[in-house]
Amino acid sequence: MLTNQEVAEGLLEKFGDQVFDFEEPYGLLTLSSTREEILPLLEYLRDHKTWQVIFLTDITGVQYPDNKGQEFVVVYHLHSFVHNFRIRIKVALSEADIHIPTATGLFASANWMERETFDFFGILFDGHPNLRRILNIEEMDYHPMRKEYPLEDATREDKIDALFGR
Amino acid sequence: MADIELLPHNVPSQSELPELVEELTTLNLGPTHPATHGIFQNILKMDGEKIVSGEQTIGYIHRAFEKIAERRPFYQITTLTDRMNYCSSPINNMGWHMTVEKLLGIEVPKRAQYIRVIMMELARITDHIICNSILGVDTGAFTGFLYVMQKREEVYEIYEEVCGARLTTNMGRVGGMERDLSSTAIRKINEFIKSFPPVLRELEKLLNRNRIFMDRTINVGPISAERALSYGFTGPNLRAAGVDYDVRVMNPYSSYQDFDFEVPIGQSGDTFDRYMVRNEEMWQSLKIVEQAINNLPEGPYYADAPEFYLPPKQEVYKNMEALIYHFKIVMGEIDAPAGEVYHAVEGGNGELGFYLISDGGRAPYRLHFRRPSFIYYQAYPEMCKGSSLSDAILTMSSLNVIAGELDA
């Protein structure tokens, strides 16, 4: 059984200060990295002889508009079946330079996950073979999951944010 | 023999013939084609009957659930999850409840957990019934489909008895079930346990060793375990390729560790193996339902979490505290703690994950659904490359791509 402590120490030894912000929300090892190191990090986890974190569960994006310089976060969830070990990796990006290398070379499943993230958040995955919209129509000229596009009709006055806790 | 005068005709020599131009045919399979079982399009490049390459267009029924969820109180998101994999909505509902319970730190009583297991396994049976019997229809055996649909109807009657709805169930609540299993529900479940095996055996008799069915499905649309893992396959489709990954076993939730069941796996990951894995899973699900209903623990069917679980209606009329909680919950005025949760359940098609970020507000800050069909459907062009069109249809059918889950 692989422990969070063991993996965290192994990654710190290998990547030094390129991995940081270690956390364990609800027992799931969460850490941050940089976009320069994300591919080597994913590859290291995948090809590690004993850990074998070979399964990419999910890629998604989150936006924090108030976090200047780090408005977008790309979240990777990985899973090692051999040890039943899950890990979450986050990479923060700034809105002005919203690029991150693609993981399609490592995991075939990353293809659509990244297209979806691009579709909804506009995060550009450099080197992606086919970075087009996937669920929305191609003519759409904005990225709808961004917080600047409120869900409700802006002209309505009876639905104020305070009622919804926002 | 009559004299037939052959008219002179000139056969043009090879050099005089116009040059043959070879070109590929583009075939639009879908968006609305009965064989796609849902609204999604495949643009296939065909060389005669052979598929050279394919490209999918999806998103026809995209309903922006993740965006809508950011404005809704937690309990109102259950209705959104219904509409993802609508062949097994209770699993989606329970998965969502468990995610929220994990965030809130609510421990659900055993009885509620067992009731959930019963409903989830019945849902798995309905899900697999559809996939397998439709696969029969696609190979030309319509009878089996109509026959087993009767049994799905009986499961829907159980849903009706438990939650009042049939297809989009909205079953259970954060913190437990909305009501206890009624005696009618228990009777219907027991009846189903008795009456389902003969029907399933008959479907097996119709298809499992049927020469035509085997010829149509064996070695059709295979995928290796390695490619399946790389493509993010989960659930029956991954198990058919020979990887025994099942969320129920690896990360047991809702007391799955109490039950004795097997995880069937296939070898070659082809259409026949996918069919056989689903078939065996129905038996295992039935076994789990039987164990759960026979060992149903006594006790409450909801957790003691008054801030999140709606109080009984009689209390609301008589008790001030209950009225206040009722009002606050219905108006969505209860703040959830800040936190970040990933919770996965074994859905009909594989690992159905909920990635929930709460900022301490009344609605999620961000909610992402890890939809198994969305992730594995991208392997489809690779799986049907080089096969004929009729085989490609079977491959798609056996992958059990559900449009609602695909597009969310």
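Cut-offs applied
Residues numbered from 1 in each chain as written. Chains lettered and ligands numbered in written order. Predicted model: local features only at pLDDT ≥ 70, side-chain atom pairs only at ≥ 80, totals over all residues. Heavy atoms only, no water. Helix = DSSP H or I, 4+ residues; strand = E, 2+ residues; numbered from the N terminus. Buried < 20%, exposed > 50% of the residue type's maximum accessible area, 1.4 Å probe, protein only. Contact = heavy atoms within 4.5 Å. Areas by Shrake-Rupley, 256 points an atom, 1.4 Å probe, with all protein chains shown as cover. Lys, Arg positive; Asp, Glu negative; His and termini not counted. Charge placed at Lys NZ, Arg CZ, Asp CG, Glu CD. Expected span 1.5 Å × (residues − 1). Arc of directions from axis to C-beta. Axes fitted to C-alpha atoms, helices over the stretch in contact; angles between N-to-C directions. Parallel < 35°, antiparallel > 145°, perpendicular 65-115°, else oblique. Left-handed = near helix turned anticlockwise from the far one by under 90°. Pairing = 2+ DSSP bridges. Buried area = accessible area lost by both parts, 1.4 Å probe. Salt bridge = Lys/Arg side-chain N within 4 Å of Asp/Glu carboxyl O. Polar contact = N/O pair within 3.5 Å; in protein donor to acceptor, adjacent residues only side chain to side chain.

Asker: I keep staring at the overall build of chain A and nothing clicks. Help me out?
Answerer: Broken down by element type, chain A carries 3 helices and 7 strands. Helices (α) and strands (β) of chain A occur, in sequence order from the N terminus, as α-β-β-α-β-β-β-β-α-β. With the principal axes as the frame, chain A shows a C-alpha extent of 55 × 35 × 30 Å. Sorting the 166 residues of chain A into buried and exposed places 51% on the buried side. Nonlocal contacts in chain A, meaning residues at least 24 apart in sequence, comprise 50% of its contacts between residues at least 6 apart. Surface exposure of chain A reaches about 7,800 Å², of which carbon and sulfur atoms provide 50%. Counting 16 positive and 29 negative side-chain charges, chain A places the averaged centre of each group 4 Å from the other.

Asker: In this structure, what is going on with helix α1 (residues 4-15) of chain A? I would like to understand it.
Answerer: Residues and elements named next belong to chain A. With 12 residues, α1 should reach 16 Å at 1.5 Å per residue; the first-to-last C-alpha distance of 16 Å fits that figure. Of all the positions in α1, only N4, V7, A8, G10, L11 and F15 are classed as buried. Angularly, the buried residues of α1 cover 165° about the axis, an arc narrow enough to put them on a single face. Relative to its buried face, α1 has exposed residues pointing more than 90 degrees away, namely Q5 and E13. Those residues of α1 hidden inside the fold are in contact with β1 (20-23), β2 (29-33), α2 (38-47) and β5 (85-93). Positive backbone phi, approximately 60°, marks G16, located one or two places after α1.

Asker: Can you help me understand the packing of helix α4 (residues 110-139) of chain B against helix α6 (residues 183-207) of chain B in this one?
Answerer: When two helices pack together, their arrangement is given by the angle between the helix axes and by the axis-to-axis distance. Residue and element names in this part refer to chain B. α6 packs onto α4 with a crossing angle of 25° between their chain directions and a minimal axis gap of 12 Å. It follows from the interaxial angle that α4 and α6 lie roughly parallel. The crossing of α4 and α6 is left-handed. For the pair formed by α4 and α6, the contact residues are I118, L122, I125, I129, N132 and G136 on the first element and I189, F192, F196 and L207 on the second.

Asker: Looking at this model, I keep getting lost on the sheet that holds strand β3 (residues 55-63) of chain A. Mind explaining?
Answerer: In a beta sheet, neighbouring strands pair by backbone hydrogen bonds and run either parallel or antiparallel. All names here are of chain A. With mixed pairing, the 5 strands of this open sheet are ordered in space as β1-β2-β5-β4-β3. The two strands at the open ends of the sheet, each matched to only one other strand, are β1 and β3. Neighbour to neighbour, the strand axes of the sheet diverge by 20° on average, direction disregarded. Pairing of β2 with β5, which is carried by 5 bridges, proceeds in the parallel orientation. Along β5, the bridge assignment pairs T30 with R88. Sheet strands touched by helix α3 (residues 110-121): β3 and β4 (72-80). Its angle to β3, the strand with the most contacts, is close to 5°.

Asker: Explanation requested: the interface of chain B and chain A in the structure shown.
Answerer: It is common to give the size of an interface as the accessible area lost on bringing the parts into contact. Each partner contributes residues to the interface: chain B has 46 residues there, and chain A has 51 residues. Buried surface at the junction of chain B and chain A, summed over both partners, amounts to about 4,200 Å²; 55% is from carbon and sulfur atoms. Of all residues in chain B, the largest losses of buried area upon contact with chain A belong to K67, R71 and Y365 of chain B, amounting jointly to 20% of the total for that side. Summed over the shared surface of chain B and chain A, the result is 6 salt bridges. One salt bridge in this structure joins R88 of chain A and E340 of chain B, with 3.5 Å as the shortest N-O distance. For the pair chain B and chain A, the number of links is 23 residue pairs in polar contact (both at pLDDT 80 or more).

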